[in-house]
Amino acid sequence: MAKEQNLASAISKSINRKSSKNDGRKVAFRLDDKESPSEIDDWISTGSTVLDLMVSNQEEGGLPTRKIVEFYGPSGSGKSLIANHALADCQQQGGVSVLIDTEHAADFDFMETIGLDPKGDFLYIPENRLEKIFEMIETTIEKVKEKDEDRPITIVVDSIAGSVTDNEREGEYGKEGYNTDKAIVLSQAMRKINGLISRENVLLIFTNQVRTDPSVMYGNPMVTPGGKAVKFHSSVRIRLRNSKKIKETGDIVGAKIRPVIEKNRLAPPHRDCNFDLYYNSGIADYDSWWEVLKDNDVIEHHSQGWYKIRKEDDSGYLQKADLNDGGAEEMFKTQEGRFSKRLHNDDAFRERMYDRLVDAVTHEYEDGWVDRSDAEYVDDEETETEED
């Protein structure tokens, strides 16, 4: 094995020596090489801890830098909001956040509410010409890396559906063929930009809508505008659904969002979760912890709306003394609203529950023979509609 490793290192050095003479770049890497394009420097939060864990399959994870991510779904499903949460988190980590707004519909008051500082390292670009968008992405990356190559950058293009090509912008109304034109431009641009993203500490997020393809007779007729280039080049694709509305004192104040990870090159795909999204405050993160921990038998029903929490070693249930709630040996009981409030106010309790959440959500890879006797084949989900 040592000889093989030495031979691999020798081949790597030879390839890189020749490459550096041409364009000065290192192109061959070992798996333990920190400069490898597959090495993820930073993780950017979506605003939902459960979704972060499912995407990254690791503690303190989220959306990966050096990668391309696509959020798609019908109108009102939370695409822009999650992208805004990612912009805010990148800025809070000391990075640079860039919003390219093809729809000219950014809500800066809301972005401030969820933690984005408009006066900080944040750039807003209202531009919908597709060719210009990719030029601006390249320019942004190059300029930031000239100043500080280690700073994370999050760039959001919101949305592909709202963009136009130069031909469409200059053409006549009612003329056909512009959708094909957009697909061609995106295909060329994604091939070019993908390599640049993989070498830099950059997260590129696209949001996209869904459309009905009338030519599809069987299967799912829902497609995303712009062809298949973004779908192909994205490392993570998340489909968002607006499952229920949230009403408060007679007014619709939010929605329950169901993200489904359709593609994931970092962790197991085809996983989903739920979280509540409020139009005046963003994602209610801690509320979703309750559902996951209850589904995984960490939280169990006790009586009359009260719940108990199982200990980490399964030796019983948490007592008040375990949480410094007094010295008496009395079981700790909670309710859904109280649980969320305590997560917000009690750092020690939040860290303890976060560890339980990590154990519940992340998956370990298995080598060797695995018993799959309980596995079964299932059909794809029912055909979704644009209103889902």
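One can find the structure itself at the top, above this paragraph.
Residues numbered from 1 in each chain as written. Predicted model: local features only at pLDDT ≥ 70, side-chain atom pairs only at ≥ 80, totals over all residues. Heavy atoms only, no water.

Section: the overall build of the protein chain
In terms of regular secondary structure, the protein chain is built from eleven helices and 17 strands. At 24 Å, the protein chain has a C-alpha radius of gyration in line with the 21 Å of a compact globule built from 388 residues. The principal-axis extents of the C-alpha atoms in the protein chain amount to approximately 70 × 65 × 50 Å. Taken over 388 residues, the protein chain has a buried fraction of 46%. Pairs at least 24 residues apart make up 65% of the contacts formed inside the protein chain by residues separated by at least 6 positions. Accessible surface for the protein chain amounts to roughly 21,700 Å². Of this, 45% is attributable to carbon and sulfur atoms. Charge-centre separation for the protein chain: the mean point of 52 positive side chains lies 4 Å from the mean point of 76 negative side chains. (Helix = DSSP H or I, 4+ residues; strand = E, 2+ residues; numbered from the N terminus. Rg over C-alpha atoms; globule rule 2.2 N^0.38 Å. Buried < 20%, exposed > 50% of the residue type's maximum accessible area, 1.4 Å probe, protein only. Contact = heavy atoms within 4.5 Å. Areas by Shrake-Rupley, 256 points an atom, 1.4 Å probe, with all protein chains shown as cover. Lys, Arg positive; Asp, Glu negative; His and termini not counted. Charge placed at Lys NZ, Arg CZ, Asp CG, Glu CD.)

Some remarks on the layout of surface pockets
Space inside the second largest pocket adds up to approximately 530 Å³. Lining the second largest pocket are 20 residues; nearest its centre among them are Ser80, Leu81, Asn84, Ala105 and Asp158. Breaking the lining of the second largest pocket down by element, the ones donating at least two residues are α3 (79-92), β4 (96-101) and α4 (108-113). Ranked by the residues each element gives to the lining of the second largest pocket, the list is headed by α3, at four residues. Partitioning the lining of the second largest pocket into residue classes produces eight nonpolar, seven polar and five charged. (1 Å grid on protein atoms, 1.4 Å probe; cavity = no way out; pocket = protein on both sides within 12 Å on 5 of 7 lines; lining within 4 Å. Points joined across faces, edges and corners; volume = space filled by probe spheres on them. Nonpolar A, V, L, I, M, F, W, Y, C, P; charged D, E, K, R; others polar.)

Some details on the pattern of salt bridges
Counted under the stated rule, the structure contains 16 salt bridges. With its nearest N and O atoms 2.5 Å apart, the salt bridge here joins Asp121 to Arg151. Of the two residues, Asp121 is situated in the loop between α4 and β5 (122-125) and Arg151 in the loop between α5 (130-147) and β6 (153-158); the sequence distance between them amounts to 30 residues. Overall, Asp121 belongs to the partly exposed group, its relative accessible area being 39%. (Salt bridge = Lys/Arg side-chain N within 4 Å of Asp/Glu carboxyl O.)

Structural notes on the pairing of strand β3 (residues 67-72)
Of all the six residues making up β3, six are buried; the element is thus mostly covered by neighbouring parts of the structure. The two faces of β3 match: Lys67, Val69 and Phe71 on one face and Ile68, Glu70 and Tyr72 on the other face are all buried. Strand direction decides the pairing type here: β3 and strand β10 (residues 236-248), joined by four bridges, are parallel. In the sheet register, Glu70 faces β10, and the bridge partner there is Arg237. (Pairing = 2+ DSSP bridges.)

Quick word on the sheet that holds strand β15 (residues 299-303)
With respect to topology, three strands assemble into an open sheet ordered β15-β16-β17, the strand pairing being antiparallel. The open sheet has two edge strands with one neighbour each: β15 and β17 (333-334). In this sheet, β17 lies alongside strand β16 (residues 306-309) in antiparallel orientation, the contact comprising two bridges. Counterpart to Lys308 in the pairing with β17 is Lys333.

Brief notes about α3
Here α3 spans 20 Å end to end across 14 residues, near enough to the 20 Å set by a 1.5 Å rise per residue. Of all 14 residues that make up α3, twelve are buried, and the element is covered over most of its length. Residues of α3 that are buried include every one of Lys79, Leu81, Ile82, Ala83, Asn84, His85, Ala86, Leu87, Ala88, Asp89, Cys90 and Gln91, and no others. Note on α3: the residue one or two positions beyond its end, Gly94, has a positive phi of about 90°. (Expected span 1.5 Å × (residues − 1).)

Topic: the environment of Ile197
Mapped onto the secondary structure, Ile197 falls in helix α7 (residues 178-199). Residue classification places Ile197 among the buried residues on the basis of a relative accessible area of 0%. Taking the C-alpha atoms as reference points, Ile197 and Ile137, 60 residues apart in sequence, are found 9.8 Å from one another. Excluding residues that lie within four positions of it along the chain, Ile197 makes contacts with Arg66, Lys67, Ile68, Ile141, Val202 and Leu204.

Some remarks on the environment of Thr207
Tracing the backbone through its elements, the reader meets Thr207 in strand β7 (residues 202-208). Thr207 sits in the buried class, given a relative accessible area of 0%. Expressed as a C-alpha distance, the spacing of Thr207 and Leu7, which sit 200 residues apart in the sequence, is 44 Å. In this structure Thr207 touches Phe71, Lys79, Ala83, Val157, Asp158, Ser159 and Ile160, once residues within four positions along its chain are discounted.

Concerning α5
Relative to the 26 Å expected for 18 residues at 1.5 Å per residue, α5 spans 27 Å between its end C-alpha atoms, a close match to the ideal helical length. Within α5, burial applies to Leu130, Ile133, Phe134, Ile137, Thr140, Ile141, Val144 and Lys145. Taken around the axis of α5, the buried residues stretch over an arc of 120°, which confines them to a single face. In this structure, α5 carries Glu146 and Lys147 as exposed residues pointing more than 90 degrees from its buried face. (Arc of directions from axis to C-beta.)

Focus: a negative patch on the surface
Taken together, Glu59, Glu60, Glu351, Asp355, Asp359 and Glu364 make up a surface patch of like negative charges. Turning to its location among the elements, Asp355 is positioned in helix α11 (residues 347-361). (Patch = residues over 30% accessible without salt bridge, like charges linked within 9 Å, V, L, I, M, F, W, Y side chains within 5 Å.)

Overview of the packing of aromatic side chains
In this structure the tally under the stated criterion is eight aromatic pairs. When the ring of Phe108 is compared with that of Tyr124, the centres are 4.9 Å apart and the planes differ by 90°; the resulting orientation is edge-to-face. With Phe108 in helix α4 and Tyr124 in strand β5, this residue pair connects regions lying 16 residues apart in the sequence. We classify Phe108 as partly exposed; its relative accessible area is 32%. A residue is classified by how much of its surface remains accessible, and Tyr124, at 27% relative accessible area, is partly exposed. Centroid distance Phe339 to Phe349: 5.7 Å. Interplanar angle 80°. Geometry classified as edge-to-face. You can see Phe339 sitting in helix α10 (residues 336-345) and its partner Phe349 sitting in helix α11, a full ten residues away along the chain. We classify Phe349 as buried; its relative accessible area is 1%. Aromatic rings pair up to connect Trp290, Tyr307, Phe332, Phe339 and Phe349 into one cluster. Cation over ring: Lys308 sits above Tyr317, and NZ or CZ is 4.3 Å from the ring centre. The positively charged end of Arg342 is found above the aromatic ring belonging to Phe349, 5.2 Å away from the centroid. (Phe/Tyr/Trp six-rings, centres within 6.5 Å; stacked < 30°, edge-to-face > 60°. Lys NZ or Arg CZ within 6 Å of the ring centre and 35° of its normal.)

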